Amino acid sequence: MSKSKTKTPSSPTLKDWEKQASRELKGKATSSIHWKTTEEIEIKPLYTAEDLEKLGYTETLSGFSPFTRGPRATMYAGRPWTIRQYAGFSTAEESNSFYRKNLAAGQKGLSVAFDLATHRGYDSDHKRVVGDVGKAGVAIDSVEDMKILFDQIPLDQMSVSMTMNGAVLPILAAYVVAAEEQGVKQEQLSGTIQNDILKEFMVRNTYIYPPAASMRIVGDIIEHTSAHMPRYNSVSISGYHIQEAGATAVQELAFTLGNGLEYVRTAINRGMTIDSFAPRLSFFFGVGMNFYMEIAKLRAARFLWANLIKQFNPKKEQSAMLRTHCQTSGWSLTEQDPFNNIVRTTIEALAATLGGTQSLHTNAFDEALGLPTETSARVALNTQLILQEEAGIPHVVDPFGGSYFMESLTSSLIEEATKLLDEIEKIGGMTKAVESGIPKQRIEASAARRQALIDHGEEVIVGVNKYQVENAEPVEVREIDNSAVRKAQIQRLKKIKKNRDSNKVDTALNAISNAAENGEGNLLDLSIEAIRLRATVGEISAAMEKIWGRYNAPIHSISGVYAKSFPDQKEIKQVRDEINDFAKKAGRRPRIMVAKMGQDGHDRGAKVIATAFADLGFDVDIAPLFQTPEEVVKQAIENDVHVIGISSQAAGHKTLIKLLMEILKKENSEDIVVVAGGVIPPQDYDFLKDLGVACIFGPGTPIPGAAREVLAAIANKV
Amino acid sequence: MAQNKLPAKADIIQGNRRAIAKAITLLESTRPESFKHGQVLLESLLPHAGKALRIGITGVPGVGKSTFIEAIGLFLIEQGHRVAVLAVDPSSQLTGGSIMGDKTRMNELAQHPDAFIRPSPSSGILGGVARKTRETMLICEAAGYDVVIVETVGVGQSETMVDSMVDLFLLLMLPNAGDELQGIKKGVLELADLVVVNKSDGKQESQAKNAQSEYSKALHLLPSSKNSWTPQILRCSALEKRGMDKIWEAAKSFRETLLISGEWEKQRRKQTGKWMWSLVEEGLLINFRNHPNLQQQISELEKAVETGNLLPTTAAIKLLKSWQTQSK
Ligand code: B12
Ligand SMILES: Nc1nc2c(ncn2[C@@H]2O[C@H](COP(=O)(O)OP(=O)(O)OP(=O)(O)O)[C@@H](O)[C@H]2O)c(=O)[nH]1
Ligand SMILES: [Mg+2]
C-alpha cells in the first residue's frame, strides 16, 4: 500500500463508520443491510482498503495475463467494442436487406440468426418444420440461399458471426463456398462459428446427434479452421444461453469455462498443440440486470480462463486470453410496458462494456413480443452508438479496476466458480456432467427459484409485479408469413435439385456417411465438397443422421424447489386446497400435459410451469421436445389428461395450435382443454381463442394464478 | 364426447386408444361411482385378457430402464407385436402432485401406433398402486396388446408388488459390478428371471462383460424363484439398441419352459389370489378412511398423535375399535 493511505489520527476508522451506520439504521447492525445475491454471495454496503488487503490483492494491467482488466492494453480507447447485432428472419433476401440497412446505420459486424428448421438440420420442405420455416431466424437450405444472404456484402472485409451448432457442418461449409463463389478465399474469412454443442444439450436444444458424435464434429471444425482459416474463431463458448435458461452468474461461469476445457481437451487429444487453436477460441456471455455482478463476471471469466489454460503449457500469450462477445439479457425484458426495456438494455450494455466485452448485441424493446421491427432494432443499435459516441465510455480501460468493491466481488465470483468447476472435474468433466443431467437440473432449480421470487413479488420487475400500468400503448409486432417463406424455399429447393449432378451429389453424401461411420476423414472438408455440388443442408445432416441417429437429450425434472422458494406459503396453500377439492370431486388430480411443438427448443417456460404445477398439486406429464401436433394428441389421449398446455416461444403458435385443434377434433377428443403460454403477441389472442384455446398466458404470468385459471377451465368442462 | 361418457367394451376390444385410456382412468379413480363403473367394465373385459406376456422391469435409477423399454419395445413392434408400457411415477408426499416424464425417454416408442404408454402417478388419494397397475394391464391385454411392460420406480418395495403381477421379472444392472451388488437388495435379485447388464457399449463394454460373469457366479449362490427356470445373465446396450434379440429369445424360452412345467399357470393363479387380497385391503382402507362416523375421531386422534399427546398405538387401537362397532 502506498504512503498516501496512512491515516491521520483524526480520520474516521471502520469502527466509527459502523457506529454511525448503526445509528442511521436505528440501532440495527449493518449486517442487516447486507445483500445476498441469487448466487448466495453476500454483499456489504461498504468496502474499504482492508478488503483488498485481506484478499492479498495485487495490481495487474490490461493486455497482460491474467487479463482480468481486459485482453488488450488499450481496450476501447484504441478501438471501441464491435457493435454486432444478432438478426435473421424470413428469407435470405429479406435478411440481406435488413443487414445492409444496419451496416449503413453504423453496425460494424454481422451476426446471423438461422431459423429452427436449419438449426436442427431439416430442409424447409421437411414435414416436421411446417411451423418453423423463416420464423425465428432466416431459412437456409443450400449455398444458393447463403449467397443471397451475403449478396453485396464483401466477405473478405466483413466479420461474420454465425450462431450454428447442430447443423454446423453444412452451414459453415455453405458460408465457405458462398465466399469462394464471391472470389474470397478461406484464409481471408474472419468471424465466428458458435459450434458449442455441449451447451446445446444443456440449455439451447438445437443438437442433432448424440454427444460423442457431436464432439467429433467440433473437433473436425477446430482442425479444419486452424489449418485453413487463421482469422476465424472455431468455437464461441457460450454462457449466454446458460444464463438465459436461468443460471446464476456462478453457474454460468463454471459451466461455460468447463465446456471450454472440454473443447481444449478434444483438440489436444487429436494431437493438436494448444497454441495452434486456443487463440481462436472465443467466448460469449450474457449480461443481465445485476449490474455490478455482471461487470465482475467478465473480469472473473478472464482471470479463470487464463489460469485454466496454464495446465496445457501454452507458449503464446493469446492462448490464455479470453476474448468475448456479450448480449444483453432477453429474459430481463418484459412484455408489459415494453419501453422500460430500453432502459434495462442500456444498463446491461453499460455493464457489458465496463466489464470489457469485445463485441456486443443489444436487445430490442419488443423482445418479449417477437423479432425486432425496424424501429425497435434501430433503437437497440443506437443504444450502443450513444454509449460509444456520447457518454465517453470508451476513453478509459477497466474503470472499475482497483475498486475495493469490484475487486472483492470479482474475487468472490472466482472463488465460487472454482468450487463448482472442481465439482465438475470430479464428475469427469463437462461432457460427463452434461450426460448425467446435473448441470441442467441445477440451472432449472435456479430458474424455478427465481420464478417463485418474482411470482411472490420478492424480486421486483417494474411494470410486471410492481408499478403496473393499466393500458400501456400497444407496440407494433413483426409478423412473418411462414407459409409464404416455406413455399418460396421449397421452390428454390426443387430448382437446385433439378439442376445439379445428382450422381456426384450422392457420391459426396455417401463419403460423409462413411466418414461418420468409420471415424476417418474431416467432416467439414467433405461437407464443403458436397455443398459445392449443391447438396442441401438437410441432405448433409441426414447423411450423418443415417449413421448416428437423431438424439433426444434425456429430460430430468426437479420438484419442490418452486413451492419451497415462496417466502410465504399462504397463496400456495390456497391453490393446493382448491386442487384437492377438485381431486375429491373428480376422482383424480387435475392432469396436464405440458408440451412443445415444432423445433422450438425454449424449454425454460415449459419446465418451470411443469415443476410449479406439480408443486401446486397437478399431475403433470411432460412431453418430449420437438413434437408434431399429431404426436401431442396421441400422448394426451393415452394419458387421458384434462388439459394440454402448449408452451410456445418461437412463433409457431398460429400454425401449430391450429393443427392441434383440428386433430383433436378429428380424434373426437375436443373435451381435452387446450391452454397456451409463452411469447404470444396480444394481437394473436383472438385468433387462438376463436380456435377454442381456453386461456392464454403471456410472459410475466404469475404461476399460482395461472394454475387456478387452468383448474377453472377444466372444471368448466368436466 | 364428454369427459364423463363411459368407454364402451367394444371400443376397447377394437383397440380404440381413447377408450382404453378412459377405462384406465376409471380404474384409477377415487370416486366410488367411477370405481364401480371401472370394475364392471373390467369384469366384462376379463375373458378377453390374459394372453399377453407380462414383463416387469426394474433396476436402480439411471440404469436405463426407460431407454431399454424404448429399445425392446421398438424391437418387438418390428417383430409384429403390440406393446403396452405402464410406468408408475412417484408422487410428492407433500403436494400429491407428480411429474411424469416417461415419454420423453421413450420418444420413438411413444410415437408408434402399435405402442400404448401410460404413466401413472403413484399417489391417488388412497394407495392402491398395485391394484391399478394390475387392472390397467388387463385392459391393455383386452385391447390386444400382447406384450405388457411394467416399469417400476427403483429398487425396493415396489419390486415385490410388480413381481406379484408379471410373468417375467427382468432386472437391469449397471456394468460396474462391485458397487452394484451392494446397491441391490438380495431379495430383489432373488426375484429376477433375467438379469441384463445394460450400457454394454463403448468403453464400458469390457466392464459389462466382466459384470456378466461376476453376476453369473453370484446368482448361482442364490435360490431361484422358479423351479423349472434358472435365471440367465445377459448383456445389452439399450442406447445403441443392441442385444434385444438375445433377450427376447431368452424371454420366449422362459415362457416355453414354464408353460411346459406348469409353473406358468401356477404363478398366474397365485397372483390372482394376491389380487383378491389387494382388493380387500384397499376396500377396507377406503371404507375405514371414508367412514362418515369416524371422520371426526380420525382427525382428532391424528392431531393428538402428531402433537405428541397420544401414543400412535393407543390411537390406532381406539380407531379400529370404533370402526368395528360402527360396521356391525
Ligand atoms: C430465454 C430465451 C432463450 C434461451 C432459451 C433457454 C431455454 N432453455 O429455454 C436461449 C438463449 C437458448 C434462446 C435461444 C433462442 N431464442 Co430465445 N428467448 C428467450 C427469452 C429471452 C425468454 C424466454 C423465457 O424463457 N422466459 C422465461 C419463461 C419463464 O417465461 P415464458 O416462457 O414466457 O413462460 C411464462 C409465460 O409465458 C407462461 N407460460 C409459458 N408457457 C406456458 C404453458 C402453460 C401450460 C402455462 C399455463 C403457462 C405458460 O408462464 C410462464 C411463467 O410466467 C425470449 C424473449 C422473452 N423475453 O420472452 C426469447 C425468444 C423466445 N427467443 C427467440 C429466438 C428467435 C431464439 C432463437 C431461435 C434464436 C436463433 N435464431 O437462434 C434461439 C433458439 C432456441 C431454440 N432452440 O428454440 C425469439 C422468438 C421470436 C418470436 N417468437 O417471434 C424471442 C421472442 C426473442 C426475440 N424477440 O427475438 N432463447
Ligand atoms: N451408454 C449407455 N447409456 C445408456 C444406456 N441406456 C441408458 N443410458 C443412459 O442412462 C441414462 C439414464 O437412462 P434412463 O433410461 O432414463 O434410466 P432409468 O433407469 O429409466 O432412470 P429412472 O427412470 O430415473 O429410474 C440416460 O442418460 C441414458 O441415455 C446404454 O445402453 N448405454
Ligand atoms: Mg425411467
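Please refer to the structure higher up on the page.
1. Here's the deal with the overall build of chain A
So, point 1. Across its full length, chain A holds 29 helices and 16 strands.
So, point 2. In terms of overall dimensions, chain A is globule-like: its C-alpha atoms have a radius of gyration of 26 Å, near the 27 Å expected for 718 residues.
So, point 3. Considering only residue pairs separated by 6 or more positions, chain A has 79% of its internal contacts joining residues 24 or more positions apart.
So, point 4. Summed over all atoms, the accessible surface of chain A reaches about 28,000 Å², with 52% contributed by carbon and sulfur.

2. With respect to the coordination of the cobalt atom of ligand 1
So, point 1. On the protein, His-602 of chain A (NE2) is the one donor atom to the cobalt atom of ligand 1, at 2.2 Å.
So, point 2. For His-602 of chain A, the position within the fold is in the loop between β12 (591-595) and α25 (604-616).

3. Section: the sheet that holds strand β11 (residues 359-361) of chain A
Residues and elements named next belong to chain A.
So, point 1. The strand order β7-β6-β5-β4-β3-β11-β10-β9-β8 describes an open sheet built from 9 strands, whose pairing is parallel. Two strands bound the open sheet, and with one partner strand each, they are β7 (232-233) and β8 (235-238).
So, point 2. Strand direction decides the pairing type here: strand β3 (residues 82-87) and β11, joined by 2 bridges, are parallel. What sits directly across from Thr-82, in β11, is Ser-359.
So, point 3. Contacting β8 and β9 (281-287), helix α11 (residues 249-269) runs over the sheet at an angle of about 165 degrees to β9.
So, point 4. Helix-sheet contacts for helix α15 (residues 374-389) involve β3 and β11, and the interaxial angle to β3 is about 170 degrees.

4. Points about the interface of chain B and chain A
So, point 1. At the junction of the two partners, chain B supplies 37 residues and chain A supplies 44 residues.
So, point 2. For the pairing of chain B and chain A, the buried interface totals around 3,300 Å² over both sides, and the portion due to carbon and sulfur atoms is 48%.
So, point 3. The interface formed by chain B and chain A contains 5 salt bridges.
So, point 4. Glu-638 of chain A serves as the salt-bridge partner of Lys-103 of chain B, at 2.8 Å between the closest nitrogen and oxygen.
So, point 5. At the junction of chain B and chain A, the tally comes to 23 residue pairs in polar contact (both at pLDDT 80 or more).

5. Describing the packing of aromatic side chains
So, point 1. Scanning the entire structure with this criterion turns up 21 aromatic pairs over all chains.
So, point 2. Here Phe-613 of chain A and Phe-618 of chain A contribute two aromatic rings whose centre-to-centre distance is 4.7 Å and whose plane-to-plane angle is 45 degrees, an arrangement assigned as tilted.
So, point 3. Residue classification places Phe-613 of chain A among the buried positions, given a relative accessible area of 2%.
So, point 4. Aromatic pair Phe-116 of chain B and Tyr-145 of chain B: ring centres 6.0 Å apart, planes at 55 degrees, arrangement tilted. One end of the pair, Phe-116 of chain B, is in strand β4 (residues 115-121); the other, Tyr-145 of chain B, is in the loop between α7 (129-142) and β5 (147-151), and 29 residues separate them in sequence. Each of the two residues, Phe-116 of chain B as well as Tyr-145 of chain B, counts as buried.
So, point 5. Through pairs of rings, three or more aromatic residues link up here, namely Tyr-47, Phe-291, Tyr-292 and Phe-405 of chain A.
So, point 6. Residue placement shows Arg-120 of chain A over the ring face of Tyr-207 of chain A; its charged tip is 5.9 Å from the ring centre.

6. So, the coordination of the magnesium ion (ligand 3)
Residue and element names in this part refer to chain B.
So, point 1. The magnesium ion (ligand 3) binds to the protein through Ser-66 (OG) and Glu-151 (OE), with metal-donor distances spanning 2.1 to 2.5 Å. Of this pair, Ser-66 sits in helix α4 (residues 65-78) while Glu-151 is found in strand β5, placing the two residues 85 residues apart along the sequence.
So, point 2. Residue classification places Glu-151 among the buried positions, given a relative accessible area of 8%.

7. Regarding unusual backbone geometry
Outside of glycine, negative phi angles account for most residues, and trans bonds account for most peptide bonds.
Residue and element names in this part refer to chain A.
So, point 1. For the bond from Ser-65 to Pro-66, the omega torsion is 5 degrees, close enough to zero to count as cis.
So, point 2. Turning to its location among the elements, Pro-66 is positioned in the loop between α2 (49-55) and α3 (75-78).
So, point 3. For Ser-90, which is not glycine, the phi dihedral falls at a positive 60 degrees.
So, point 4. Among the residues examined, Ser-90 registers a relative accessible area of 6% and is labelled buried.
So, point 5. Here the phi dihedral of Asn-313 falls at roughly 50 degrees; this positive angle occurs in a residue that is not glycine.
So, point 6. The topology assignment puts Asn-313 in the loop between α13 (291-310) and β10 (324-328).

8. With respect to the site of ligand 2
So, point 1. Looking at ligand 2, there are 19 residues lining it, with Lys-65, Thr-67, Arg-105, Asp-201 and Ala-238 of chain B nearest.
So, point 2. Chains contributing residues near ligand 2 are chains A and B.
So, point 3. Within the contact set of ligand 2, an oxygen atom lies 3.1 Å away from a backbone nitrogen or oxygen of Gly-62 of chain B.
So, point 4. Between Lys-199 of chain B and ligand 2, the recorded distance is 2.9 Å, taken from a side-chain N or O atom to an oxygen atom.

9. What about the environment of Val-196 of chain B?
Residues and elements named next belong to chain B.
So, point 1. Among the structural elements, Val-196 can be located in strand β7 (residues 194-197).
So, point 2. Sequence-wise, Val-196 and Lys-241 are 45 residues apart; in three dimensions their C-alpha atoms are separated by 13 Å.
So, point 3. Excluding anything up to four places from it in sequence, Val-196 contacts Leu-170, Leu-171, Leu-172, Met-173, Leu-234, Arg-235, Cys-236 and Ile-247.

10. Observations regarding the site of ligand 1
Residues and elements named next belong to chain A.
So, point 1. Neighbouring ligand 1 are 42 residues, the closest being Tyr-86, Glu-367, Gly-370, His-602 and Asp-603.
So, point 2. Here a nitrogen atom of ligand 1 sits 2.6 Å away from a polar atom, N or O, in the side chain of Asp-603.
So, point 3. Within the contact set of ligand 1, an oxygen atom lies 3.0 Å away from a backbone nitrogen or oxygen of Gly-678.
So, point 4. Listing elements by their share of the shell around ligand 1, those giving two or more residues are α5 (116-119), α8 (197-204), α10 (240-244), α25, β14 (643-648) and β15 (673-678).

11. Some remarks on the packing of helix α9 (residues 211-228) of chain A against α11 of chain A
Residues and elements named next belong to chain A.
So, point 1. The interhelical angle for the contact between α9 and α11, taken along N-to-C directions, is 70 degrees, at an axis separation of 9 Å. Regarding the angle of α9 to α11, the classification is roughly perpendicular. By crossing handedness, the relation of α9 to α11 is classed as right-handed. Residues Met-215, Val-218, Gly-219 and Ile-222 of α9 form the contact with α11, whose participating residues are Glu-262, Tyr-263, Thr-266 and Ala-267.
So, point 2. Residues of the contact of α9 with α11, tallied by class, amount to 5 nonpolar, 2 polar and 1 charged.

What counts, and where the lines are drawn
- Residues numbered from 1 in each chain as written.
- Chains lettered and ligands numbered in written order.
- Predicted model: local features only at pLDDT ≥ 70, side-chain atom pairs only at ≥ 80, totals over all residues.
- Heavy atoms only, no water.
- Helix = DSSP H or I, 4+ residues; strand = E, 2+ residues; numbered from the N terminus.
- Rg over C-alpha atoms; globule rule 2.2 N^0.38 Å.
- Contact = heavy atoms within 4.5 Å.
- Areas by Shrake-Rupley, 256 points an atom, 1.4 Å probe, with all protein chains shown as cover.
- Donors = N, O, S within 2.8 Å, 3.2 Å for Na, K, Ca; no water.
- Pairing = 2+ DSSP bridges.
- Axes fitted to C-alpha atoms, helices over the stretch in contact; angles between N-to-C directions.
- Buried area = accessible area lost by both parts, 1.4 Å probe.
- Salt bridge = Lys/Arg side-chain N within 4 Å of Asp/Glu carboxyl O.
- Polar contact = N/O pair within 3.5 Å; in protein donor to acceptor, adjacent residues only side chain to side chain.
- Phe/Tyr/Trp six-rings, centres within 6.5 Å; stacked < 30°, edge-to-face > 60°.
- Buried < 20%, exposed > 50% of the residue type's maximum accessible area, 1.4 Å probe, protein only.
- Lys NZ or Arg CZ within 6 Å of the ring centre and 35° of its normal.
- Near = heavy atom within 4 Å.
- Parallel < 35°, antiparallel > 145°, perpendicular 65-115°, else oblique.
- Left-handed = near helix turned anticlockwise from the far one by under 90°.
- Nonpolar A, V, L, I, M, F, W, Y, C, P; charged D, E, K, R; others polar.

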